[in-house]
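Listed below, chain by chain, are the residues.
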Amino acid sequence: MNSRQRRKDTRAWKYCITMTNKTYNEYCDMWNWLRQRYGGKVHWCGWRDRVEETNYFYYNIEWQFLKQKDAVEFALRWA
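Just so you know, these numbers come straight off a predicted model, no measurement behind them.

**Student:** Before we go on, may I ask you to explain the overall build of the protein in this structure?
**Tutor:** Along the backbone of the protein there are 4 helices and 3 strands. If you list the helices and strands of the protein from N to C, you get α-β-α-α-β-β-α. Relative to the globule expectation of 12 Å for 79 residues, the C-alpha radius of gyration of the protein, 13 Å, shows essentially globular dimensions. Structurally, the protein occupies a C-alpha span of about 35 × 25 × 20 Å along its principal axes.

So, in C-alpha cells, the structure goes:
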C-alpha cells in the first residue's frame, strides 16, 4: 500500500474502538454481532477489525468504522 492509499484509508476509517478480549469466543461474539447487524462484506458494510497484538491470553482488536453512529452503538453494546 502506498502513502496515498494509506492516507485515503485513514481518512475513511476514522472511528476506531480498541477492545481487549480475554477469549477468542468474546471476539467471535462481537464479530458475529456486527455481521448480523451490518453485514460481512467490508466494502459495503462499514466496519472492519484490525488485530494489533495477539498473545496467549489477550486479543487486542481495533474495530474501525466509517460512521460515528455505528462506532458509538458498538461501544455502548460491548463496553
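Past the structure itself, the notes keep going.
**Student:** Looking at this model, I keep getting lost on the confidence of the model for the protein. Mind explaining?
**Tutor:** Close inspection of predicted coordinates is inappropriate for parts of the model with low pLDDT. Summary statistics for the protein give a mean pLDDT of 87 and a share of 91% for residues scoring 70 or more. Looking over the protein, one finds the lowest element-wise mean pLDDT in strand E2 (residues 47-54), namely 76, and the highest in helix H4 (residues 68-78), namely 95.

**Student:** Whenever I open this one, the pattern of salt bridges confuses me. Can you help?
**Tutor:** Pairing between side chains of opposite charge can happen when their charged atoms approach one another. If you walk through the whole model with that rule in mind, you get 2 salt bridges. The shortest N-O distance in the salt bridge between Asp9 and Arg48 comes to 2.7 Å. Of this pair, Asp9 sits in helix H1 (residues 3-12) while Arg48 sits in strand E2, and the two are 39 residues apart along the sequence. In this structure, the salt-bridge partner of Glu73 is Arg37, at a minimum N-O distance of 2.3 Å. Taken together, the residues Glu73 in helix H4 and Arg37 in helix H2 (residues 24-38) connect sequence positions 36 residues apart.

**Student:** Can you help me understand the side chain of Arg48 in this one?
**Tutor:** Look at Arg48 and you get buried, because its relative accessible area is 8%. Among the polar contacts made by the side chain of Arg48, one reaches the side chain of Asp9 at a distance of 2.7 Å. A polar side-chain atom of Arg48 sits 2.6 Å from a polar atom in the side chain of Gln64. If sequence neighbours within four positions are ignored, Arg48 has contacts with Asp9, Trp13, Val42, Glu62, Trp63 and Gln64.

**Student:** Can you help me understand H4 in this one?
**Tutor:** In an α-helix, one turn spans 3.6 residues; hence positions three or four apart end up facing the same way. Of the positions making up H4, those classed as buried are Asp70, Ala71, Phe74 and Trp78. Down the axis of H4, the smallest arc covering the buried residues is 100 degrees, so these residues share one side. Exposed residues pointing more than 90 degrees away from the buried face of H4 are listed as Lys69 and Leu76. As for H4, its buried residues are in contact with strand E1 (15-21), H2 and strand E3 (59-65).

Cut-off values and rules
- Residues numbered from 1 in each chain as written.
- Predicted model: local features only at pLDDT ≥ 70, side-chain atom pairs only at ≥ 80, totals over all residues.
- Heavy atoms only, no water.
- Helix = DSSP H or I, 4+ residues; strand = E, 2+ residues; numbered from the N terminus.
- Rg over C-alpha atoms; globule rule 2.2 N^0.38 Å.
- pLDDT = per-residue confidence, 0-100.
- Salt bridge = Lys/Arg side-chain N within 4 Å of Asp/Glu carboxyl O.
- Buried < 20%, exposed > 50% of the residue type's maximum accessible area, 1.4 Å probe, protein only.
- Polar contact = N/O pair within 3.5 Å; in protein donor to acceptor, adjacent residues only side chain to side chain.
- Contact = heavy atoms within 4.5 Å.
- Arc of directions from axis to C-beta.

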